[in-house]
Amino acid sequence: MYNYPDSSGHFGQFGGIYMAETLIPAVEELRQQYLRFRDDPEFKAEFAYELKHYVGRPSPIYHAKRLSDSLGGAQIYLKREDLNHTGAHKINNAIGQALLAKRMGKKRVIAETGAGMHGVATATVAARFGMECIVYMGAEDIQRQAPNVFRMKLLGATVVPVESGSKTLKDACNEAIRDWVTNVESTFYIFGTAAGPHPYPMMVRDFQCVIGNEAKVQMPEMIGRQPDVVIACVGGGSNAIGLFHPYIEVPNVQIIGVEAGGFGIASGKHAAPLTANAKVGVLHGNKVNLMQDENGQIIETHSISAGLDYPGVGPEHCLLKEIGRAQYVAINDDEALAAFDSLCRFEGIIPALESSHALAHAIKIAPTMAKDKVLLVNLSGRGDKDMNTVARIKGITL
Amino acid sequence: MSRIQITFDKLKQQQRKALIPFITAGDPSQPLTVPLLHGLVSAGADVLELGVPFSDPMADGPVIQRASERALKNGMSLRGVLGMVAEFRKQDATTPVVLMGYGNPIEAMGWEVFAQRCAEVGVDGVLTVDFPPEESHEAFEHLQRHHIAPIFLLAPTTNEARIQQVAKLARGYVYYVSLKGVTGSGSIDLSAIEDKLPQLRKHIKLPIGVGFGIRDAATAKAVAKLCDGVVVGSRIVQEVENSTEQNVVANVSKLVRELRQAIDQ
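Everything in this summary refers to the structure shown in the same document.

1. Considerations on the environment of B:Pro198
Right, on to step 1. Looking at the secondary structure, you find B:Pro198 in helix H9 (residues 190–203).
Right, on to step 2. Exposure remark for B:Pro198: the relative accessible area of 52% places this residue in the exposed category.

What follows is the structure, encoded as structure tokens:
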């Protein structure tokens, strides 16, 4: 039976609690409090209530029929996380952690963000529960994702630009950790993805599993059975693990994670540690496959989508790859953009550039499969935030 | 007996406290690191903490972050740092050298190769900021095999059970982080240190060094009265940053001499 992480937070050789001593008691307290409330009926009921009435769950599953017909192969279904309040799956986890923060008496929350979706989700729940909110965001990402920066500010959050390193998600993580070590007693770190020190990979996964748990009920209702393949994009991998985890022990469901191939794996300019077989290393509190040079320095990644532009990946994905339960592939920038356009034109849905990677892989494999096969793609977010990026690439001034 | 133990034993006999300065290897340039280390010793340093630069120094404030960036730009690697220690040892066989940094460069090299190289070049201790005792089993085993001391951090947030855990694993000395924050931040709370130390001493029989937030001679003097050694990092790295390649050794030596005098008073 698949049962990870172990009690010390390890997913096989991956995961763990690689943090500075000052923060170890904080992650230990978080672990204890999470385990205490995870199965608490009142906590579960409040989480379920918020997901239903505030987020708008369950998110529907939609048969992308025109797109599927155009490809002439397998049927593509979309899990519509883009329809959630705030426009992505990130809110599921942000609510879960905010409810925990509330019970732990923390009035100040911090977050890192790449594309800004987790920052917006955190700013949203902070407003919802009356907490002070600080969001760390790479200066480069602030440029790429201006609308989300404005949304966070409207919601009352302070957005702190991070100028160090590559000025993207990993540097925002570093800065959030520095804040946490300084304000450890007053502050709850709402971590955005299923990575970081234990218990975050487990906790974020558990909160995101609502995606896969709903799908497991919805697919049989729609088509009388489970899909043949589930597909999701993987940066840190929270939307993916949320969809995948409930399917791990379902036989005959193939699991495919799609990483950001950037300019192509061969170019070295990508953010696909699993596809590129990156060496195992330690960053941001956990041991994972990590893009690094021969001296163990973390290398700069590239992706058109800020949310996937990260050198590591959650530990459970590393394990799923290692044990062969999931397969990981990369989709390049241009393939993701083509998928973005296809979904706009065939289905009237503007997907996030992150989710466009998952969609692109479905578009790639659908024609090679029979028409009665079913691909379930997690449409993890909507593309409103990407208007500037896409316009710039198309040479259009807004 | 290890160089670290010999050093602390000697200081104890003399009723003096250890001065433990930190610099980042390769900052401001690779050729200046070994001269800087010798300068630190001449100015009165007892133990040297040599920072191994890392691309993502999560526990460090802006001063040491910038030093790491400069060092990496200068091509500094873990391999290179080990070479510098070998070079340093040609002229100094007695001053303990502790490598301080993050775990990933060592993971990339492999702990066994690293520990063996440490023993060959004359490294005495290793402190990996992001490897708490829970994740240090492998590291500990390899370091122990080659008689390299694993140095552990304790923090104001560390509870008694964890102090006991560290007491079992630590060798050389224990580094008490005097404040909640990154390196170079905040200002030190002497009474808080004074309150915490008896709890530490109850379990830790090794010398205890205190660091983080020690910016001037007066603070160094006050802290020295409470513990066995004073660690000064960001203030020295700041001096490196503010100096030219021509005067950096002289400037840093002058600062360390002031700290030495204050501690010995």
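2. Some thoughts on the nonpolar core
Right, on to step 1. Judged by nonpolar contacts, the single largest core of 125 residues is most densely connected at A:Leu100, A:Trp180, A:Tyr189, A:Leu243, A:Tyr247, A:Leu376 and B:Tyr175.
Right, on to step 2. If near-sequence neighbours (up to four positions away) are discounted, A:Tyr247 is found in contact with A:Gly212, A:Ala215, A:Lys216, A:Met219, A:Gln226, A:Pro227, A:Val230, A:Val253, A:Ile255, A:Arg325 and A:Leu376.
Right, on to step 3. In this structure, B:Val97, B:Ile148, B:Leu154 and B:Ile193 belong to the second largest nonpolar core, which totals 69 residues.

3. Some words on the interface of chain B and chain A
Right, on to step 1. Contacts between the two partners involve 35 residues from chain B, matched on the other side by 35 residues from chain A.
Right, on to step 2. Contact between chain B and chain A buries roughly 2,800 Å² in total, counting both sides, with carbon and sulfur atoms accounting for 50%.
Right, on to step 3. Summed over the shared surface of chain B and chain A, the result is 4 salt bridges.
Right, on to step 4. For B:Asp56, the salt bridge is made with A:Lys170, and the minimal N-O distance between the two is 2.8 Å.
Right, on to step 5. Counting across the interface, chain B meets chain A through 21 residue pairs in polar contact (both at pLDDT 80 or more).
Right, on to step 6. The set of elements that each furnish at least two residues to the side of chain B that touches chain A consists of helix H3 (62–73), helix H5 (103–109) and strand S6 (152–154) of chain B.
Right, on to step 7. Per element, the largest residue contribution to the side of chain B that touches chain A is 4 residues, and it comes from H5(B).
Right, on to step 8. Its residues assigned to classes, the side of chain B that touches chain A shows 17 nonpolar, 7 polar and 11 charged.

4. Details of the sheet that holds strand S5 (residues 108–113) of chain A
Residues and elements named next belong to chain A.
Right, on to step 1. The strand order across the open sheet formed by 4 strands is S7-S6-S5-S8, and the pairing between neighbours is parallel. Only two strands of the sheet have a single neighbouring strand rather than two, namely strand S7 (158–162) and strand S8 (187–189). Across the sheet, the mean angle separating the axes of adjacent strands is 25° when strand polarity is ignored.

5. Concerning the sheet that holds strand S12 (residues 285–289) of chain A
Residues and elements named next belong to chain A.
Right, on to step 1. Taking strand neighbours across the sheet as the criterion, the 4 strands line up as S1-S2-S12-S11 in an open arrangement whose pairing is antiparallel. The open sheet terminates on both sides in strands that have one partner only, identified here as strand S1 (10–11) and strand S11 (280–283).
Right, on to step 2. Sheet topology places S11 next to S12; 4 bridges connect them, and they run antiparallel. When the sheet's bridge partners are listed, leucine 283 is paired in S12 with asparagine 286.

6. Some words on the side chain of A:Asp82
All names here are of chain A.
Right, on to step 1. Mapped onto the elements of the fold, aspartate 82 is located in the loop between strand S4 (75–80) and helix H4 (90–103).
Right, on to step 2. Looking at aspartate 82, its side chain comes within polar contact range of the side chain of arginine 80, at 2.8 Å.
Right, on to step 3. Apart from the residues within four sequence positions on either side, aspartate 82 is in contact with Gly87, Ile349, Leu379, Ser380, Gly381 and Arg382.

7. Considerations on the packing of helix H2 (residues 30–42) of chain B against helix H12 (residues 248–264) of chain B
All names here are of chain B.
Right, on to step 1. At their nearest, the axes of H2 and H12 sit 9 Å apart, and the two run at 30° to each other. If you check the angle between H2 and H12, you find them roughly parallel. Of the two elements, H2 crosses H12, and the hand of that crossing is right-handed. Contacts from Leu32, Pro35, Leu36, Gly39 and Leu40 in H2 reach Val248, Val249, Val252, Ser253 and Val256 in H12.

8. Examining the pairing of strand S4 (residues 125–128) of chain B
Residue and element names in this part refer to chain B.
Right, on to step 1. Side chains Gly125 and Leu127 project from S4 onto one buried face, and the interleaved Val126 and Thr128 project onto a second face that is buried too.
Right, on to step 2. Here S4 pairs with strand S5 (residues 149–150) via 2 bridges, running parallel. Pairing of valine 126 across the sheet is with proline 150, part of S5.
Right, on to step 3. Crossover handedness for the path S4 to helix H7 (residues 137–145) to S5: right-handed.

Cut-off values and rules
Residues numbered from 1 in each chain as written. Chains lettered and ligands numbered in written order. Predicted model: local features only at pLDDT ≥ 70, side-chain atom pairs only at ≥ 80, totals over all residues. Heavy atoms only, no water. Helix = DSSP H or I, 4+ residues; strand = E, 2+ residues; numbered from the N terminus. Buried < 20%, exposed > 50% of the residue type's maximum accessible area, 1.4 Å probe, protein only. Core = buried A, V, L, I, M, F, W, Y, C linked by side-chain atoms within 4.5 Å. Contact = heavy atoms within 4.5 Å. Buried area = accessible area lost by both parts, 1.4 Å probe. Salt bridge = Lys/Arg side-chain N within 4 Å of Asp/Glu carboxyl O. Polar contact = N/O pair within 3.5 Å; in protein donor to acceptor, adjacent residues only side chain to side chain. Nonpolar A, V, L, I, M, F, W, Y, C, P; charged D, E, K, R; others polar. Pairing = 2+ DSSP bridges. Axes fitted to C-alpha atoms, helices over the stretch in contact; angles between N-to-C directions. Parallel < 35°, antiparallel > 145°, perpendicular 65-115°, else oblique. Left-handed = near helix turned anticlockwise from the far one by under 90°. Right-handed = clockwise from strand over helix to strand, strands pointing away.

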